[in-house]
Amino acid sequence: MAAQSLFPVDDSFNVARRFEADRIAHPEIRLPEVRTGAGQRMLFDQRYRQIDGRDLHLDVFLPPVGRSNGLGILLIHGGAWASGNKSHSYPLANLLAQRGYAVFMPEFRLSPEAAYPAALIDVNAAILWVKARGAEFGLRPDGLALGGDSSGGQMAALLAYSAAAGPFAPQAGADTRVRALIDLDGVLDMTDSLVLEHEDAARPASPFARWVGGNYASQTARWRAASAATYVDAQSPPTLILGSGYPRFTGGRMRVQAALDRHGIRNRFVKLDGAPHTFWLYDPYLPRVAAEIDRFLRGR
């Protein structure tokens, strides 16, 4: 068996480093403990794709035996499109599994390894892998939702809204539609003025500009194509947006919610006043995040 190809890794975004920085302004935060319940199962490093000599894997957290609600959620980790790890989603995945969800957390190619749209194609391949094995994980046919945090939220929104158009499908005709979108502080419109103020003015180039291959002036069409708001239509899924105290991280939200409202699509915005950007990583915010996701996916 041939050895897997080497690829560059950016470890600049990790939980320990983020926690040390965040707790200066947010002394209330704590790193959560992951306590599993009786009957829970976890499957690690399930290969979902091979591309360019590279194996891509996902982890699965399953609910206690007999407690499945038939729903699942695929969570895309954040890290400015360049860093991060699927393990960052474990605390949230554990709480959701205890509420009856099957939770899937993929790795995907990040910008030091492959530029836009590689990560999007990878995640769509993970969606197809989960759908093909849905019965194995206790999912009903329409049971898979898509979520993500920060840059992962931006990717989740982009993929959820563009699924019908199929620009990021790994193969022609692939059905990557999902039952709902969960966006945790992820930008919805990269061309929003508040977003451009931060992402386009940065020197050196911002993480997003590096991912898509240039600043807004040089890559205007690509910035628009990589904006979830571009694709909102009557086929868009129900949407839950959880935001921190930093409005720029949900830039484009009002445009998107207005479009969803016009199409009669259920949507909700929950603002966690005073919370740090990466609120999903910490107590006391983490239990509320899980509860809000559960409430929305159950249609409450």
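How each quantity is defined
- Residues numbered from 1 in each chain as written.
- Predicted model: local features only at pLDDT ≥ 70, side-chain atom pairs only at ≥ 80, totals over all residues.
- Heavy atoms only, no water.
- Salt bridge = Lys/Arg side-chain N within 4 Å of Asp/Glu carboxyl O.
- Helix = DSSP H or I, 4+ residues; strand = E, 2+ residues; numbered from the N terminus.
- Buried < 20%, exposed > 50% of the residue type's maximum accessible area, 1.4 Å probe, protein only.
- Core = buried A, V, L, I, M, F, W, Y, C linked by side-chain atoms within 4.5 Å.
- Contact = heavy atoms within 4.5 Å.

Student: Is there a simple way to explain the pattern of salt bridges in this structure?
Tutor: Any two side chains of opposite charge can pair, given that their charged atoms come close. All chains considered together, the criterion is met by 21 salt bridges. The partner of Arg-18 in a salt bridge is Asp-22, with the nearest N and O atoms 3.3 Å apart. Linking Arg-18 with Asp-22, this pair stays in helix α1 (residues 15–25), spanning four residues, or about one helical turn. A salt bridge links Arg-109 to Asp-122; its shortest N-O distance comes to 2.9 Å. A residue pair is termed long-range when its members are at least 10 positions apart, and Arg-109 in the loop between β4 (102–106) and α3 (118–132) and Asp-122 in helix α3 qualify at 13 residues. As far as the burial class goes, Arg-109 and Asp-122 line up, both buried.

Student: Whenever I open this one, the environment of Ser-87 confuses me. Can you help?
Tutor: Positionally, Ser-87 belongs in the loop between β3 (72–76) and α2 (90–98). Each C-alpha atom, one on Ser-87 and one on Val-15, is 9.7 Å from the other, the two residues being 72 residues apart in sequence.

Student: Would you take a moment to explain the nonpolar core for this structure?
Tutor: Generally speaking, a soluble globular protein has its nonpolar side chains buried in company with each other. Core analysis: the largest hydrophobic core is formed by 57 residues, its most contacted members being Leu-74, Ile-76, Phe-104, Leu-146, Met-155, Tyr-161 and Trp-211. In terms of residue count, α3 provides more of this core than any other element does, eight residues in total. With near-sequence residues (within four places) excluded, Trp-211 lies in contact with Trp-81, Ser-111, Ala-115, Tyr-116, Ala-119, Leu-120, Gln-154 and Met-155. The next biggest cluster of nonpolar side chains, apart from the first, holds 35 residues, and it includes Tyr-90, Tyr-101, Leu-272 and Leu-281.

Student: Would you explain the environment of Val-232 in this entry?
Tutor: Turning to its location among the elements, Val-232 is positioned in the loop between α7 (220–225) and β7 (239–243). The buried category is assigned to Val-232, whose relative accessible area is 15%. Considering only alpha carbons, one finds Val-232 and Tyr-161, 71 residues apart in sequence, at a separation of 5.6 Å. When neighbours within four sequence positions are excluded, Val-232 is seen to be in contact with Tyr-161, Val-256, Ala-259, Leu-260 and His-263.

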